[in-house]
Amino acid sequence: MTEARPPVAASASLWEREAEIAAVTEALDALCADRSSCGNLLVLQGEAGLGKTALLAETRRIAERRGCTVWSTRGGETLKSVPFNVVRQLLQPALVSLMPEEAREYLGDWYDIAGPALGVTDPGDRQTDPRGVCDGLVAAVRRLAKREWPLVLLIDDAHWADQETLHWLAAFTERLDDLSVLVVVARRPGEVSGDSARLLDTIAAAAGRPATTLSALTPDATAGLTRATLGRHADAPFCREVWAVTGGNPYETVELLAKVQDSELEPVEAHAGELRPLNRSARGGGLVARLEGLGIDATRFAWAAAILGTGITVDLVAQLATLSMDVAQRCAELLCGARILTGPDPAGARPDDGDLEFVHPLIASAVYNSIPEALCTAMHGIAAEVVTDSGRGAAAASRHLLQVHPDDDEELVVQLREAAREHLAVGAPDAARRCLERALLEPPLPEVHAHVLYELGCATLLTAPATTIEHLQTALGLPGLDGAERVDAVVRLSQALLHNNQLEEAVRTVEAEAARHEPGPARMRLQAVQYMCEGIHAGEATSAGRSERLAELARTCTGRDNSERALLILRGFDAMAHGESAEEAAALCDRALVNGRLAPGLGWTDTEWGIELLLMLAIAYAYTDRLDRADALYTEALRTYETAGWSGGHLALAHAYVGFGHRRRGRLREAETSLRESLRLAERVGRGLPLYWAATCTLIDTLLARGRADEAWYIAGQYGFTPPYPSAIVLPDPRSVRGRLLLAVGRSDEGIDELEAAGKAAAVRGHHNPVMVPWAADLARALATKDPARAAQLATETRRRAERFGTDTAIGEALRCAAALETGQRAVRLAAQAVAYLEASPCQYEHAAARVEHGIAARSVAELNRGLALARSCGADGLVAQAREALERDHGLR
């Protein structure tokens, strides 16, 4: 079936490529020299036909000769909408060689996350976080690469790769430093725009060197190639005309010389004028004319092959082109003889490559573009049926369905919705979005329209909150969404509004929907969501008497269902934030648990309630000195998101609050590590969101506790820790932390102003917990000499509120503040009382600080040494220096 090309064709595109081959050879030398060598990335770019594919083939040949494992893949112009298509092709050689149990072993914890995207396991029944899938693919390839060393990855036509593959490749190539693998990427410049162009630029930047740009052949090289192909008798004028006609494009040169051979044209000046017509027949309209010259059956066969794009088999093409198998077989042979189709390269063949592929992407594009528009649309519709009937599923057929003209086809809407569900389950929300947007154009039946919009909103919830808001608001304005599904749509809309920093609108939306319902589970759920939105709003109270109504509602709750449990959590958080009895606040939270654990349906990945409610539960425990419960929740969140592959904003928040838990306990080194990881993940989601503030604020607070004020100031500048503050509550309180930061770097007046503002903001919300919003104690210290009367008043009020709240931490911190304003024996007594309370507290940094302060006030070597030991264990370098200085100054000890 496949006709061999002229021997020169295989190497024609390597003429004048000595420098490029030398770079490849050098990279392979480094790869093979040492298993611990750093990874390497080479990027080749050039216009179509300049020999990128030939260079990749030569790379394969050299690599395999040295014993390397080589995996290769290629983008396709008509396949860009197929998620994970290119990376799946790349990994197939490794995947097909593994038994299911081996695949699970090598992919490890990522098996259930990346496995569906790679086609090695069935997807689950819930939406998968695309960032998690991307990270899972990075981890999977890294593990496989270590198994297959020395490994070479070849990616051709990367400009036509699907978005999901480009996201993976960008993430993977940024992490090559500790992985011995060579990646070679070939692309055309300027072929794509938008996200694809940005990702390709990111990939190129990871190479750390300029991309290798291929140039056309020189006249001398073209003459050499011409004589090598046609014979040494080809004269100079003829060779110059070959170069002039082809512009030195290696592919066009090879095709033109093949036409010269076919036509038995003498390569002399007298026949040079015939080269241009011959060249036109090798591409564009000339190629189409040549194809049509092969007959209508061969033309239909080529069109059908172009529609399929990949996995081209004679059987599938025969079905799509409505040809008998005998006729289809003859057409395949005819097209191979005409150098339009060929068999796959055995060296890089994959199980699903099919029987045929186009000789060059230029030919594939020319054939596809030559299909009459109406016929092209019809053939895509037939292709969707063929693919579906072959058992590949709705997602595989969806790229064809997207090309079909809208025609009020109810079944098409059903297929597209099913395809969207499959795409979401493997972590491809953009592909799901395209399917659902196309379904809306059909359009859906009136009773289905709102459901499609709702599904579209759910598809974009993890990646584009603003888009989700638009879709869900439209869906709720249409008839069709009723009962539990409508309530769920409203809750999801409120979550999107929260994530988009539109808290007031979130509150109004849920409040209005709750008013439409009679008392019952649905209304109680909506009320709980409303109270949650109001509870995390940092501005003025959204509705008067909110806390009283919440307390009254929670008083009737026994925790029999998740709506009641949510209300108990919200009431516990509210009581904690207002500085009511910590014991009662913790008891309310305890009633929301089932046997000390989160109830089914209230887990970290359950979408019915969202992450905010569980964070409020953990925070309530953290500030009521129940850090054991808080730590367990934060750790569970982190483990759950890592296991589920949720590596976007949810994982960033989990790391932030694990860091927050470490900070509360006084594990400052561990806190800093977690918080820096949170910020790294938050950068991928976007600045300005509440999760970004949470990580930044806690990191600055931790650095201040470590005594690194200058670094904290640098972080504040680097990450935009400055007003205006987000509309959602962020803990620790950003105004209080910024005020403390300003004081620490010597900007006292600004720090005092910031702390005053923190006090006013807390008063508006009724947040009187002196540990959660610690502005008053810091302000009292700052005013100690400037306004001692006000400082004393603040210290007295802080102690009153601490005793009302009743935790050891709150009272101990209030006593530390009071001691800082006193002198002599009264300061010593208050400092000793602070130590007694904070020794019983789980907050070891505050305990260490109290010990050091008591040691300084009492001039006690023993106390200073105890404080020094605690400070060292916490990683509080500034406190360590303070204790050492006091020991040296007062006692001559080091």
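What counts, and at which threshold
Residues numbered from 1 in each chain as written. Predicted model: local features only at pLDDT ≥ 70, side-chain atom pairs only at ≥ 80, totals over all residues. Heavy atoms only, no water. Pairing = 2+ DSSP bridges. Helix = DSSP H or I, 4+ residues; strand = E, 2+ residues; numbered from the N terminus. Phe/Tyr/Trp six-rings, centres within 6.5 Å; stacked < 30°, edge-to-face > 60°. Buried < 20%, exposed > 50% of the residue type's maximum accessible area, 1.4 Å probe, protein only. Core = buried A, V, L, I, M, F, W, Y, C linked by side-chain atoms within 4.5 Å. Contact = heavy atoms within 4.5 Å. Salt bridge = Lys/Arg side-chain N within 4 Å of Asp/Glu carboxyl O. Axes fitted to C-alpha atoms, helices over the stretch in contact; angles between N-to-C directions. Parallel < 35°, antiparallel > 145°, perpendicular 65-115°, else oblique. Nonpolar A, V, L, I, M, F, W, Y, C, P; charged D, E, K, R; others polar. pLDDT = per-residue confidence, 0-100. Left-handed = near helix turned anticlockwise from the far one by under 90°.

Asks: Hey, could you run me through the sheet that holds strand E2 (residues 69–74) in this one?
Replies: Within a beta sheet, neighbouring strands are joined by backbone hydrogen bonds and run either parallel or antiparallel to one another. Strands sit in the order E2-E3-E4-E1-E5 across an open sheet of five strands; the sheet is parallel. Single-partner strands in this sheet number two, and they are E2 and strand E5 (212–213). Pairing geometry for strand E1 (residues 40–45) and strand E4 (residues 181–187), over six bridges, is parallel. Paired with Asn40 across the bridge in E4 is Leu182.

Asks: Quick question: what am I supposed to make of the packing of aromatic side chains here?
Replies: Here a ring pair, both rings aromatic, is described through the centre-centre distance and the interplanar angle of the planes. In the structure shown here, the tally under the stated rule is nine aromatic pairs. Aromatic pair Trp168 and Phe172: ring centres 5.4 Å apart, planes at 20°, arrangement stacked. Of the two residues, Trp168 and Phe172 are both situated in helix H8 (residues 163–173); the distance of four residues between them amounts to about one turn of the helix. Of the two residues, Trp168 and Phe172, both sit in the buried class.

Asks: When you look at the nonpolar core in this model, what are you seeing that I'm missing?
Replies: With 159 residues, the main nonpolar core has Trp604, Tyr634, Tyr657, Ile700 and Trp775 as its most contacted residues. At twelve residues, helix H31 (residues 611–623) tops the list of elements feeding residues into this core. Tyr657 has contacts with Leu615, Ile619, Tyr634, Ala694 and Leu731, leaving out every residue within four places of it along the chain. Grouped together as the second largest cluster of nonpolar side chains are 53 residues, Cys134, Val183, Val426 and Ala431 included.

Asks: Sorry if this is basic, but what is going on with the pairing of strand E3 (residues 151–156) here?
Replies: Here is the key point about a regular strand: its side chains alternate between the two faces of the sheet. In terms of burial, E3 is a largely internal element, six of the six residues being buried. Side chains of E3 alternate between two faces, with Leu151, Leu153 and Ile155 and Val152, Leu154 and Asp156 buried alike. Bridge count between E2 and E3: six bridges; the pairing is parallel. Bridged to Trp71 within E3 is Leu153. Judged from the five bridges that link them, E3 and E4 form a sheet pairing that is parallel.

Asks: Is there a simple way to explain the pattern of salt bridges in this structure?
Replies: Where charged atoms of side chains with opposite charge meet at close range, the side chains can pair. A full pass over the atoms with the stated rule returns 57 salt bridges. Among the salt bridges present, the one from Asp488 reaches Arg525, with a minimum N-O distance of 3.4 Å. In this pair, Asp488 is assigned in helix H25 (residues 483–499) and Arg525 in helix H27 (residues 521–535), connecting sequence segments 37 residues apart. The same class applies to Asp488 and to Arg525, which are both buried. A salt bridge links Arg816 to Glu853; the shortest N-O distance between them is 2.6 Å. Of the two residues, Arg816 sits in helix H41 (residues 808–820) while Glu853 sits in helix H43 (residues 844–858), which places them 37 residues apart along the sequence. Among the residues examined, Arg816 registers a relative accessible area of 10% and is labelled buried.

Asks: Mind showing me how you'd approach helix H16 (residues 314–321) here?
Replies: Each α-helix turn comprises 3.6 residues. Residues three or four places apart therefore point the same way. Most of H16 sits out of view: six of its eight residues are buried. Listing the buried residues of H16 in full gives Val314, Leu316, Val317, Ala318, Leu320 and Ala321.

Asks: Is there a simple way to think about the packing of helix H15 (residues 296–308) against helix H17 (residues 325–337) in this case?
Replies: Helix-helix packing is described using two parameters, namely the angle between the two axes and the distance between the axes. Where H15 meets H17, the closest approach of the two axes is 9 Å, and the angle between their N-to-C directions is 80°. Between H15 and H17, the angle is such that the two are roughly perpendicular. Residues Asp297, Ala298, Phe301 and Ala302 of H15 lie in contact with H17, whose contacting residues are Val327, Ala328, Cys331, Ala332, Leu334 and Leu335. The residue inventory of the contact of H15 with H17, partitioned by class, reads nine nonpolar, no polar and one charged.

Asks: What should I look at first to understand the pairing of E1 in this one?
Replies: For E1, the buried fraction is high: six of the six residues fall into the buried class. Residues Asn40, Leu42 and Leu44 of E1 are buried on one face, and the alternating residues Leu41, Val43 and Gln45, pointing to the opposite face, are buried as well. Where E1 and E5 come together, two bridges link them in parallel fashion. Opposite Gln45, over in E5, you have Thr213 as the bridge partner.

Asks: Help me understand the confidence of the model for the chain, please; the structure alone is not making it clear to me.
Replies: Interpretation of the predicted coordinates at a detailed level should be avoided for regions scoring low in pLDDT. Within the chain, residue pLDDT values average 88, and 95% of them lie at 70 or more. Confidence drops under pLDDT 50 across residues 1–10; counting only partners more than four residues distant or on other chains, this segment forms 19 contacts.

Asks: What is the right way to look at the packing of helix H24 (residues 465–476) against H25 in this model?
Replies: For the pair H24 and H25, the least separation of the axes is 9 Å and the interaxial angle reads 150°. What the angle tells us is that H24 and H25 run roughly antiparallel. The interaxial crossing formed by H24 with H25 has left-handed handedness. Between H24 and H25, the contacting residues are Pro465, Thr468, Ile469, Leu472, Gln473 and Leu476 on the first element and Arg486, Ala489, Val490, Arg492, Leu493, Ala496, Leu497 and His499 on the second. In terms of residue class, the contact of H24 with H25 is built from nine nonpolar, three polar and two charged.

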